[in-house]
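Each chain is listed here by its residues.
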Amino acid sequence: MRRHEIAIGKPQRTRLFCTASLVLTMALMSACEDDPASVGKSVVYQAPVQSRALWVLEPATIGIGDVATLEVAVVTRPNHRVLPFATPRNVAGLWILEVETLPVAREPNRWIHRTRVRIRPREVGQFAWPATPIEVEGDGVVETLTADGLTVEVVSIIPQYIGKLTPFGLPPELVDSTPGRPWIWAAGGAGFTLGCLGLLWLARRESNGRPASTGKRTPGSPPWQTALEAIEASLNRVDLDPISACEAASVALRCYMDRRFGRAVGDAASTVSSTISGTISCTISCTISCTTEELERAIPPFAATSRWPGFVLLLRRLDQFRFPAPTGAACAAAGAREIIRDVAVFVRDSIPNGVAR
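Residues numbered from 1 in each chain as written. Predicted model: local features only at pLDDT ≥ 70, side-chain atom pairs only at ≥ 80, totals over all residues. Heavy atoms only, no water.

Our focus in this paragraph is the packing of aromatic side chains. All chains considered together, the criterion is met by three aromatic pairs. On the basis of an interplanar angle of 75 degrees and a centroid distance of 5.5 Å, the ring pair of Trp55 and Trp129 is categorised as edge-to-face. Here Trp55, found in strand β1 (residues 52-58), pairs with Trp129, found in strand β8 (residues 125-129); they are 74 residues apart in sequence, far enough to count as distant. For the pair shown, Trp55 and Trp129 are each scored as buried. Note on Tyr256 and Phe261: the rings are 6.4 Å apart at their centroids and 85 degrees apart in plane angle, and the pair reads as edge-to-face. For the cation-ring pair, Arg106 lies above Trp111, with the distance from its terminal atom to the ring centre recorded as 4.6 Å. (Phe/Tyr/Trp six-rings, centres within 6.5 Å; stacked < 30°, edge-to-face > 60°. Helix = DSSP H or I, 4+ residues; strand = E, 2+ residues; numbered from the N terminus. Buried < 20%, exposed > 50% of the residue type's maximum accessible area, 1.4 Å probe, protein only. Lys NZ or Arg CZ within 6 Å of the ring centre and 35° of its normal.)

Structure follows, in structure tokens:
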């Protein structure tokens with residue numbers, strides 16, 4: 001009897017165990033669904049941010065003459081800043097066009113600092129962009145990073161224009177948008193250039209003080225001949241009016257030096273054609289208009305450097321007769337005749353060799 005009960009009781013205990021396990025499992029599942037704290041939560045593991053720097057080139061291959069952008073990106077933890085650093089300036093085969101610092105991209109767990117460099121290649125080949133040390137400051141500590149260099153590959157653009165024999169001109173969109181015809185603009189430029197040249201020619205003619213001539217220029221008398229004739233005329237009237245004779249001799253000597261050797265450089269130069277004292281017509285210059293004291297301080301013409309002291313001395317002697325003292329005696333005709341003859345000797349001595357005197 002006991003053996004039968006045992007045989008009958010095993011299946012019942014098995015069913016009871018399975019039922020209890022099922023009920024316990026359902027109860028646990030129901031408890032998890034009813035807990036609002038566990039709904040919608042997921043565990044996310046994030047690696048700590050490490051500071052690093054990297055150079056990036058876009059595009060990777062550059063055609064010669066094209067403009068490319070090199071960018072260095074520095075990743076740091078929040079509230080860290082990148083200290084100013086020097087970008088490469090002299091790189092073989094490349095021109096540095098512009099350096100631009102971009103705004104910092106702030107993310108919750110990292111900051112990204114970027115600096116952009118625009119380059120233009122001038123040679124074909126592979127060129128090494130050097131590594132750049134960069135310092136990052138944060139939490140009272142300065143950390144030095146190194147942005148590794150990279151290789152810039154520059155290729156030729158000739159394969160893109162096979163058979164091109166002419167130089168590159170304006171882009172088609174600029175040529176098509178140019179108003180008018182090219183020859184109109186060329187004619188306008190030529191006219192403007194000729195007008196500028198004409199104004200320059202007129203300005204130079206005015207500065208030289210030479211009147212415009214409509215016909216052939218006839219050579220005038222040599223300066224020494226004109227001077228000697230004026231000096232001879234002053235000698236003929238020295239007995240009647242010694243002061244006027246000395247005045248005429250002074251003017252003749254000044255005009256002779258101006259025409260024979262050129263103008264002196266002084267402060268009172270002018271370019272007015274006039275007749276002085278009714279004896280000789282010449283262009284008024286520093287040699288004519290300046291006083292004897294001013295001529296003594298003036299810079300003489302190069303050809304008259306050795307004769308300039310004698311010229312100034314003769315003017316001083318003539319001034320003694322031209323401007324006599326108010327209380328002094330009247331100008332003596334004999335003294336005036338002597339100085340005028342010395343002026344004639346000075347002119348004859350300066351006549352070029354081979355010319356009849």
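If you trace the three strands from one edge of the open sheet to the other, you get β2-β11-β8, paired in mixed fashion. Lying at the two open borders of the sheet, with one neighbouring strand each, are β2 (61-63) and β8. Taking the axes of each pair of neighbouring strands and ignoring which way they run, one obtains an average angle of 30 degrees across the sheet. In this structure, β2 lies alongside strand β11 (residues 150-155), joined through three bridges in parallel fashion. (Pairing = 2+ DSSP bridges. Axes fitted to C-alpha atoms, helices over the stretch in contact; angles between N-to-C directions.)

Glancing now at the pattern of salt bridges. Scanning the entire structure with this criterion turns up twelve salt bridges. With a closest N to O distance of 2.8 Å, Glu107 and Arg110 form a salt bridge. Of the residues examined, Glu107 reaches a relative accessible area of 29% and is grouped as partly exposed. Under the relative-accessibility criterion, Arg110 is labelled partly exposed at 28%. Residue Arg316 is joined to Glu296 by a salt bridge in which the shortest nitrogen-to-oxygen separation is 2.4 Å. One end of the pair, Arg316, is in helix α8 (residues 308-322); the other, Glu296, is in helix α7 (residues 292-297), and 20 residues separate them in sequence. On the basis of relative accessible area, Glu296 is assigned to the partly exposed category, the value being 46%. (Salt bridge = Lys/Arg side-chain N within 4 Å of Asp/Glu carboxyl O.)

Any functional reading would require information beyond the geometric quantities listed.
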